[in-house]
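Descriptive analysis of the structure
Single-letter residue listing:
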Amino acid sequence: MKDRISALVFMTLGIFFLIGALRMPRATEYGRYGAPGIVPAFFSIMVILLCSIMFVRKQRASTNSSDVPREIKRAENRRLLLASAMFLAYVFLLGKMNFVVLTSIFLSATSIVFLKRRFVLISAISVAVTVGIYYLFSHVFLLPLP
Amino acid sequence: MYTVKVFFESIVSTFSNPVLLFHLSWSTLLGILVGTLPGLTATLGVAILTTLTFGFPPEIAIPMLLCVYVGAIYGGSRTAIVLNIPGTPANAATTVDGFPLARSGMAGFALNVATIMSGIGSIIGAIFIVSLAPALGALALKFGSWEFAVLAIFGTIIAGSLTAPKDPLKGWIAGFLGLMIAMIGLDEIVSFPRYTFGNIQLYGGISLLPVLVGVYGVPEILTSLKRVIKAEVVLDFSKGKQKLSYLGTIKRNAVNLVRSGIIGVFIGVIPGVGEDVAAWVAYDAAKRMSKEPEMFGKGSIEGLTAAETANNACVGGAIIPVLTLAVPGSAPAAVLLAAMWIHGIKAGPLLPIEHPEMIGYVAGSFVIATILMVVFGLLVTRLFLKILMVPTEILMPIIFVLCVVGTYVLNGRLFDVWVMLLFGLLGYFMRINDFPAAPFVLGFILGPMADTNIRRALMLKNGDISPFFTRPISLVLIIAIALVVLSKYLPKRRGEKR
């Protein structure tokens with residue numbers, strides 16, 4: 001089932017790229033073989049073809065750990081969603097807040113949420129690491145930060 | 001002969017340049033640290049250092065990147081041995097015998113054997129860079145558009161087959177997805193904006209670094225953070241002080257060492273395949289040739305030797321096609337290729353003409369990286385292992401910030417950070433569905449080369465595709481593609497019917 005879903009996802013992507021390729025100009029100053037859509041069309045057809053084979057073939061058992069207890073799986077999914085949400089929020093706020101303040105809050109919050117202990121120590125480490133990163137990039141290597 | 005001369009000169013000049021030696025030393029230590037930390041790959045290490053070395057001249061930046069690459073591939077063996085978790089995918093085969101050795105109280109001996117064998121593997125790699133790269137460079141000068149077009153497809157398909165041996169179809173899908181996504185941006189022949197939807201940020205295409213950091217870094221960080229059950233750390237050095245002879249171990253494993261080194265180099269030369277496959281193939285060969293195959297998996301020194309020699313020799317092999325064909329032999333080599341472009345060194349068939357000293361210089365730097373790796377490996381890695389005591393929950397968010405900052409400083413735009421995140425989610429989706437990342441990344445790198453050369457080949461002969469089958473090198477590559485597909489797919493179908 002998992003294979004069929006991923007085959008469908010990638011096949012949709014392939015169809016999207018194929019439609020885009022077919023809409024590109026067919027004639028160029030270098031003749032029709034210089035057309036920009038030729039190669040994208042070829043690659044998207046290959047993706048669609050290979051995904052079709054995967055979709056119709058006999059389904060294989062996944063190599064992922066299916067013997068993990070349901071409670072652990074649920075806890076892992078919760079942690080995954082939480083991490084993804086925190087990462088998204090951090091990237092969304094980049095450039096809108098001061099880098100040192102935002103990164104210190106992000107590092108402290110993420111570590112505290114996942115570790116659930118040593119709040120003061122973690123906050124201190126987060127601030128120290130942020131200042132370290134800031135100093136390294138902007139003062140040692142003279143690179144711009146968001 | 002000129003390459004050999006530059007090779008020796010670069011080694012001598014490095015040791016007489018304290019500033020360069022200082023930069024190479026901390027880069028090697030950084031590499032070992034990156035490799036030691038599970039979740040941080042050599043690719044990520046080289047990518048982060050690439051952003052830090054923007055301001056350095058290429059003659060310092062390139063050796064620094066080599067040091068971090070060599071150090072990271074080696075550093076992964078530390079966690080493979082004491083934690084049973086490979087620090088990088090390249091060290092997966094090391095866990096099989098390294099961890100049982102650590103559990104039997106021989107952690108110290110196993111760590112030192114891995115260090116020495118990695119060093120010897122790297123030296124074998126350096127020898128092949130000096131001897132094989134000029135020959136391959138001369139051959140590459142005979143390549144036309146037809147050969148480069150087929151080479152791009154060949155690399156993607158073979159990487160797909162070797163990185164997904166259980167289900168090559170997924171490897172090929174990943175490869176063609178990479179080739180397809182590489183089509184975003186202005187095309188190189190008529191400058192038509194493809195799949196840009198009027199977004200000016202997409203006109204230049206998607207940068208390689210955000211894709212690499214996203215596909216390799218983000219899934220690893222998410223996987224580490226979501227894990228509820230933590231691994232067991234074995235730091236038992238109780239039998240480490242036994243009089244176990246390292247020289248005797250090398251002598252007993254001489255054939256194994258040479259064989260594994262050669263396997264590593266040649267797997268490294270194959271586009272996109274990388275150190276993990278090299279280690280497994282060498283491990284398998286060592287097991288089949290061994291007089292004590294029953295010891296494999298229970299703490300065999302032969303198994304540890306094969307895996308560690310091959311993965312480091314593979315680094316040398318992976319650099320050879322980077323220099324001569326601009327085709328990376330592995331994912332970290334792909335970042336190295338991108339870094340060379342950033343520093344104005346155009347790797348490929350013209351490199352021996354434009355920068356004749358480069359092959360010898362890279363090989364010399366590779367030897368320096370190896371020497372530093374062995375010295376630091378024997379002296380300070382036990383200290384590094386203390387870092388493993390730092391909880392993942394503290395370490396991984398820091399790594400994420402480094403990924404974000406590293407991606408941002410590339411062009412100074414937040415767009416790249418979003419690209420990194422998007423490809424991170426795609427990489428995670430691919431990982432949980434057993435699609436390998438390596439062919440995807442290789443496809444993404446080779447996409448522009450395939451696009452330009454396929455169209456140029458068609459334009460040159462007015463649409464005639466026969467030169468693809470009549471030019472010898474192109475024909476050989478096409479036959480190789482057919483053999484790879486037939487050998488991987490047809491027997492499996494027969495097996496399924498049975």
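Please read all numbers here as calculations on a predicted model, not as lab measurements.

**Examining the nonpolar core**
Tyr90 of chain A together with Ile319 and Phe440 of chain B are the most contacted members of the largest nonpolar core, which totals 186 residues. Split by domain, the residues of this core number at least three in each of domain 1 (1-66) and domain 2 (69-145) of chain A. In contact with Ile319 of chain B, other than residues within four places in its own chain, are Leu66, Tyr69, Ile129, Leu336, Val362 and Phe366 of chain B. The next biggest cluster of nonpolar side chains, apart from the first, holds 17 residues, and it includes Val82, Ala114, Met117 and Leu304 of chain B.

**Description of unusual backbone geometry**
All names here are of chain B. With a phi angle near 55°, Tyr195 is a residue other than glycine that sits in the positive phi range. Relative to the assigned elements, Tyr195 resides in the loop between strand 2 (193-194) and helix 8 (208-226). Within the chain, Asp434 stands out as a residue other than glycine whose phi angle is a positive 65°. Taking the relative accessible area as the measure of exposure, Asp434 reaches 24% and is therefore partly exposed.

**Digging into the packing of helix 5 (residues 92-140) of chain B against helix 11 (residues 275-289) of chain B**
Residue and element names in this part refer to chain B. Running from N to C, helix 5 and helix 11 cross one another at 45°; their axes reach a closest spacing of 7 Å. For the element pair helix 5 / helix 11, the angle class is oblique. In contact with Ala92, Ala93, Val96 and Asp97 of helix 5, helix 11 contributes Ala279, Trp280 and Tyr283.

**A few points about the UniProt feature "transmembrane region" (unreviewed entry) in chain A**
Residues and elements named next belong to chain A. Mapped onto this structure's residue numbering, the UniProt feature "transmembrane region" (unreviewed entry) falls at residues 7-25, 37-56, 80-107 and 119-143. For residues 7-25, the helix share is 84%, the strand share is 0%, and the end-to-end C-alpha distance is 29 Å. The distance separating the terminal C-alpha atoms of residues 37-56 is 28 Å; by composition the span is 95% helix and 0% strand.

**Description of the interface of chain A and chain B**
On the chain B side, the residues contacting the 69 residues of chain A number 71 residues. Contact between chain A and chain B buries roughly 6400 Å² in total, counting both sides, with carbon and sulfur atoms accounting for 80%. Along the contact surface separating chain A from chain B lie 3 salt bridges. A salt bridge links Glu393 of chain B to Arg79 of chain A; its shortest N-O distance comes to 3.4 Å. Counting across the chain A and chain B interface gives 12 residue pairs in polar contact (both at pLDDT 80 or more). Of all the elements in the fold, those that place two or more residues in the side of chain A that touches chain B are helix 1 (2-22), helix 2 (38-56), helix 3 (70-93), helix 4 (99-115) and helix 5 (119-140) of chain A. Looking at the side of chain A that touches chain B residue by residue, the classes come out as 48 nonpolar, 14 polar and 7 charged.

**Focus: the packing of aromatic side chains**
Counted by the stated rule, this structure contains 20 aromatic pairs over all chains. Through successive ring pairs, a cluster of aromatic residues spans Phe16 and Phe17 of chain A together with Tyr195 and Phe197 of chain B. Across the ring face of Phe55 of chain A, the terminal group of Arg4 of chain A is positioned such that the distance to the ring centre comes to 5.6 Å. Against the face of Phe92 of chain A rests Lys96 of chain A, its NZ or CZ located 4.2 Å from the ring centre.

Reading the values: the criteria
Residues numbered from 1 in each chain as written. Chains lettered and ligands numbered in written order. Predicted model: local features only at pLDDT ≥ 70, side-chain atom pairs only at ≥ 80, totals over all residues. Heavy atoms only, no water. Core = buried A, V, L, I, M, F, W, Y, C linked by side-chain atoms within 4.5 Å. Buried < 20%, exposed > 50% of the residue type's maximum accessible area, 1.4 Å probe, protein only. Domains from an automatic or database assignment. Contact = heavy atoms within 4.5 Å. Helix = DSSP H or I, 4+ residues; strand = E, 2+ residues; numbered from the N terminus. Axes fitted to C-alpha atoms, helices over the stretch in contact; angles between N-to-C directions. Parallel < 35°, antiparallel > 145°, perpendicular 65-115°, else oblique. UniProt positions renumbered as here; feature names shortened; annotations may be inferred. Buried area = accessible area lost by both parts, 1.4 Å probe. Salt bridge = Lys/Arg side-chain N within 4 Å of Asp/Glu carboxyl O. Polar contact = N/O pair within 3.5 Å; in protein donor to acceptor, adjacent residues only side chain to side chain. Nonpolar A, V, L, I, M, F, W, Y, C, P; charged D, E, K, R; others polar. Phe/Tyr/Trp six-rings, centres within 6.5 Å; stacked < 30°, edge-to-face > 60°. Lys NZ or Arg CZ within 6 Å of the ring centre and 35° of its normal.

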